[in-house]
Amino acid sequence: MKNFIDKLFSIFNSESKAIAIYLPMFILLAFIFVITINNVYTKTYDIERFDRAKETIRSPITIENEVETDRKMRETVSNVVDRYTVSEEITEEQVGLLEELFDAIETIEKEDTNKTPISLEDKTTHLEEILSEELINEIDEVVFMQLFRLDVKDRTKAKKTFIQSVEKTLNNGVRIENIQSAKEEVKSILKYSSLDDETKDAFKELIDFSVVENSFFDIEKTMEARNEAASGVEPVMIRSGDIIVREGQIVTNEIYEELQLVGLLNRGNQILPAIGLLIFATFLLSIITYELNRLYRRQHLTPAKTIAVLFISIITITLMKIMSLYTDQLQSVFLLVPVATGVLLIRLLIYERLAIILAIVYAILGSIIFNGEIPGSLNIESFLYFIFFQLAGIYLLRDVRDRMSIIKTAFGMAIINVMTIMFFLFLSFQQYYFIDFIIHASFGVAAAILSVVLTIGLMPFFETGLGILTDSKLLHLANPNQPLLRKILQDAPGTYHHSVMVANLSETACEAIGANGLLARVGSYYHDIGKTVNPYYFIENQVGIKNPHDFISAKESAEIIIGHVTNGAEMLKKEQLPKEIIDICLQHHGTSLVEYFYRMAEKEGKQVDEADFRYPGPRPQTKEAGVISICDATEAAVRSLDEPSNEKIANIVQNIVNNKLLDGQFNETPLTIKEIHTIRETVCTTLQGIFHSRIQYPDKEE
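To keep things clear, this report deals only with the structure shown in the data block. (Residues numbered from 1 in each chain as written. Predicted model: local features only at pLDDT ≥ 70, side-chain atom pairs only at ≥ 80, totals over all residues. Heavy atoms only, no water.)

**Focus on the packing of helix H22 (residues 483-491) against helix H23 (residues 493-513)**
Okay, so step 1: Taken N-terminus to C-terminus, the directions of H22 and H23 make an angle of 125 degrees; their axes are 5 Å apart at the nearest point. Accordingly, the angle class assigned to the pair H22 and H23 is oblique. Along its contact with H22, which presents Leu485, Ile488, Leu489, Gln490 and Asp491, the element H23 presents Pro493, Thr495 and Tyr496.
Okay, so step 2: Tallied by class, residues from the contact of H22 with H23 come to 5 nonpolar, 2 polar and 1 charged. (Axes fitted to C-alpha atoms, helices over the stretch in contact; angles between N-to-C directions. Helix = DSSP H or I, 4+ residues; strand = E, 2+ residues; numbered from the N terminus. Parallel < 35°, antiparallel > 145°, perpendicular 65-115°, else oblique. Contact = heavy atoms within 4.5 Å. Nonpolar A, V, L, I, M, F, W, Y, C, P; charged D, E, K, R; others polar.)

Written as structure tokens, this is what we have:
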């Protein structure tokens, strides 16, 4: 494993941004493409008509079955009854003719009673003279005679019944094809009326004349009705995920056409989903790459962190993919995915903003992975669940210095998960029971616990395997029981006190400018570890002894003083401390001049090479190293004052900062002039609080 990590570092540990960022992102892009290709790729089947399906086949898309829609439309249109228009004019005309007939009969009958009796033949002849030609042509004179023979009361009663039945029949519409049934309807009314047989027989003879065609085919109304029916036909849709054929079912012509329609028999155009997925994955990776570039420009990105992003993303996506394989057996399996593991690791190992971006990316990928392998669809529920789950973890994990805070975060994530699940259940159209809620809620709680367990379990691998310095690792190194810190305390107690003072100053100053205060504190604890090699050659450890520098040359003294930097770095490397701590040890003096012994060497009258009296460097490369270089010098200088005052402290700090600026010691740090000014003000305030004036207590004799 170590050899593998070393090889990775040899590849990624490059000044080239293309190697440090773009190569890992390209690897991640390829991995995402391979993992999700089957979620967007439409599987085709080699199947023929009337074969027996070997598996259940679902539609990968939502599409209209136009052939079936047309068939349904034709069927609906054919069921539309032809529309007919009833001619009211014909109805009124027929009723009017009947009334004319009976009015004429009544008139003749009245004339018969007022004058001498008229014979039946004369009445008939007279009737034919006064009736309309249409009545005369259509009705036989025998019918007229039958009507005259009827009793007046019976005829009047029959007239009313007959005209009403004829009018009703005509109003209902009489078509040529149903004219006979209409006549039978009128006959039926007469048959079951209370009229006598003679009256019924007389009026039956009028039916053929009275009941005529008055309902005619209306093409406009018929077309309008057909168009309305056609427009009301819903398109026949094949929905994404619908079962087209079940396992063991015979593939009929209809099923075969549906398979062909949704593209499950088409062997072409399979490259298009792959191109779409590649474009989509490239877009997601571009967002991550942009954020990594931003961290790279701010010098917050190391090759180890890039590898961590790659590995964490692969682990998270793989977990989702493995769980998605059980989607058929358990539809809500995504609730069990410990997706927050990835963003919690990113939050602890790298940066909060990057964790938020990756949370969005993981949620989007989850909506694809859990789409049931139905191309073109996304699982929106999984997206919402994952995004709330991950953002809750990032937000709740505030105090990353305390590992117990991760446990508290698990509790908070579990609550958010349960609330999200309640949201899904309460808005669902399906009916859920209490046991369903309990099962789903337990999934959410389990996912939160699993996320924390995996985070705690994987953290050491990234901290140790990739050498990523985290706050928890720094807290571990800050423990006074660490062997190197005990060595400083035992062998160089003055240096230990000086280191603690520098740590306090550095942490305060770093927090004032937004740098890593914890890193500055721990780096300060170890920055002078090299003084334990020759502790008594440093003034803070010279208690009750003569100064050893009085017995050696200035150059030798300078070599010992300068050597504490290289000695310290070697000791830290031997104990395998993080690179950031070793860099602080090497850089806290930069390439500054050991001026005291340089001036002494000049007084000795020998030819002096200034390079022999300068620290090897390099100059501070980070904000934390720059802050420690200021605090280290100012603390030592202020401690040397007999009667420190606010004015003296301010002057010393100002002079030290100015000298370092003029000497170019901050040329390679990302510190700005404004930040250096803030550091100076913060250091002055802190030192003035430490070395404040005190009351002079009198002794016993006084």
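**Focus on the environment of Asp612**
Okay, so step 1: Tracing the chain through its elements places Asp612 in the loop between helix H27 (595-603) and helix H28 (623-639).
Okay, so step 2: Owing to a relative accessible area of 35%, Asp612 belongs among the partly exposed residues under this scheme.
Okay, so step 3: A sequence separation of 571 residues divides Asp612 from Tyr41, and the C-alpha atoms of the two residues are 69 Å apart.
Okay, so step 4: With residues up to four places along the chain from it excluded, the contact list for Asp612 reads Lys555 and Ile562. (Buried < 20%, exposed > 50% of the residue type's maximum accessible area, 1.4 Å probe, protein only.)

**Side note on the side chain of Ser524**
Okay, so step 1: Relative to the helices and strands, Ser524 is located in helix H24 (residues 517-526).
Okay, so step 2: The buried category is assigned to Ser524, whose relative accessible area is 0%.
Okay, so step 3: Within the structure, the side chain of Ser524 is placed 3.4 Å from the side chain of Ser506, a separation counted as a polar contact.
Okay, so step 4: When sequence neighbours within four positions are dropped, the list of residues in contact with Ser524 reads Ser499, Val502, Ala503, Ser506 and Ile628. (Polar contact = N/O pair within 3.5 Å; in protein donor to acceptor, adjacent residues only side chain to side chain.)

**Digging into the environment of Ala340**
Okay, so step 1: Tracing the chain through its elements places Ala340 in helix H16 (residues 340-349).
Okay, so step 2: According to the relative accessible area criterion, Ala340 is buried, its value standing at 0%.
Okay, so step 3: As a C-alpha pair, Ala340 and Thr282 span 58 residues in sequence and 23 Å in three-dimensional space.
Okay, so step 4: Sequence-distant contacts of Ala340, that is, excluding residues within four places in its chain, are made with Phe389, Gln390, Met413 and Ser451.

**A look at the packing of aromatic side chains**
Okay, so step 1: Inspection of the entire model under this criterion finds 12 aromatic pairs.
Okay, so step 2: Each ring, one from Phe102 and one from Phe203, has its centre 5.3 Å from the other, and the planes form 15 degrees; the classification is stacked. Here Phe203 lies in helix H10 (residues 197-204) and Phe102 lies in helix H4 (residues 88-114), a separation of 101 residues in the sequence.
Okay, so step 3: Look at Phe102 and you get buried, because its relative accessible area is 2%.
Okay, so step 4: Between Tyr596 and Phe597, the ring centres sit 5.1 Å apart and the planes meet at 85 degrees, which makes this aromatic pair edge-to-face.
Okay, so step 5: Owing to a relative accessible area of 9%, Phe597 belongs among the buried residues under this scheme.
Okay, so step 6: Three or more aromatic residues joined by ring pairs make a cluster, and in this case those are Phe334, Phe370, Tyr385, Phe386 and Phe389.
Okay, so step 7: Across from the ring centre of Tyr84, 4.3 Å away, lies the NZ or CZ of Arg175, which sits over that ring. (Phe/Tyr/Trp six-rings, centres within 6.5 Å; stacked < 30°, edge-to-face > 60°. Lys NZ or Arg CZ within 6 Å of the ring centre and 35° of its normal.)

**Structural notes on the side chain of Thr199**
Okay, so step 1: Tracing the sequence through the fold places Thr199 in helix H10.
Okay, so step 2: Judged by its relative accessible area of 0%, Thr199 is buried.
Okay, so step 3: Setting aside residues no more than four positions away along its own chain, Thr199 makes contact with Leu150, Asp154 and Ala158.

**Here we look at the environment of Thr107**
Okay, so step 1: Secondary-structure assignment places Thr107 in helix H4.
Okay, so step 2: For Thr107, the side chain forms a polar contact with the main-chain oxygen of Asp103, separated by 2.8 Å.

**Looking at a negative patch on the surface**
Okay, so step 1: Judged by side-chain charge, Asp140, Glu141, Asp151, Asp196, Asp197, Glu198, Asp201 and Glu205 come together as a negatively charged surface patch.
Okay, so step 2: For the negative patch, the element with the highest residue contribution is H10, accounting for 3 residues.
Okay, so step 3: Within the fold, Asp197 resides in helix H10.
Okay, so step 4: Taking relative accessible area as the criterion, Asp197 reaches 57% and is therefore assigned exposed. (Patch = residues over 30% accessible without salt bridge, like charges linked within 9 Å, V, L, I, M, F, W, Y side chains within 5 Å. Areas by Shrake-Rupley, 256 points an atom, 1.4 Å probe, with all protein chains shown as cover. Salt bridge = Lys/Arg side-chain N within 4 Å of Asp/Glu carboxyl O. Lys, Arg positive; Asp, Glu negative; His and termini not counted. Charge placed at Lys NZ, Arg CZ, Asp CG, Glu CD.)

**Concerning H28**
Okay, so step 1: Taking 1.5 Å per residue, 17 residues should reach 24 Å; H28 reaches 24 Å between its end C-alpha atoms and fits that length.
Okay, so step 2: Looking at H28, one finds that the buried residues are Glu624, Ala625, Gly626, Val627, Ile628, Ser629, Ile630, Cys631, Asp632, Thr634, Glu635 and Val638.
Okay, so step 3: Residues of H28 that are buried sit in contact with H23, H24, helix H26 (579-587), helix H29 (646-662) and helix H30 (673-690). (Expected span 1.5 Å × (residues − 1).)

**With respect to the pattern of salt bridges**
Okay, so step 1: Under the criterion given, the structure shown has 24 salt bridges.
Okay, so step 2: A salt bridge links Glu68 to Arg71; the nearest nitrogen and oxygen atoms lie 2.5 Å apart. Of this pair, Glu68 and Arg71 both sit in helix H3 (residues 66-78), 3 residues apart, which is roughly one turn of that helix.
Okay, so step 3: The exposure class of Glu68 is buried, given its relative accessible area of 18%.
Okay, so step 4: Here Arg71 falls in the partly exposed class, since its relative accessible area comes to 36%.
Okay, so step 5: Between Glu75 and Arg71 there is a salt bridge, with its nearest N and O atoms 2.8 Å apart. Pair noted here: Glu75 and Arg71 are both in helix H3, with a separation of 4 residues, about one helical turn.
Okay, so step 6: Salt bridges linked by common partners bring Glu68, Arg71 and Glu75 together as one network.

By themselves these figures say nothing about function.
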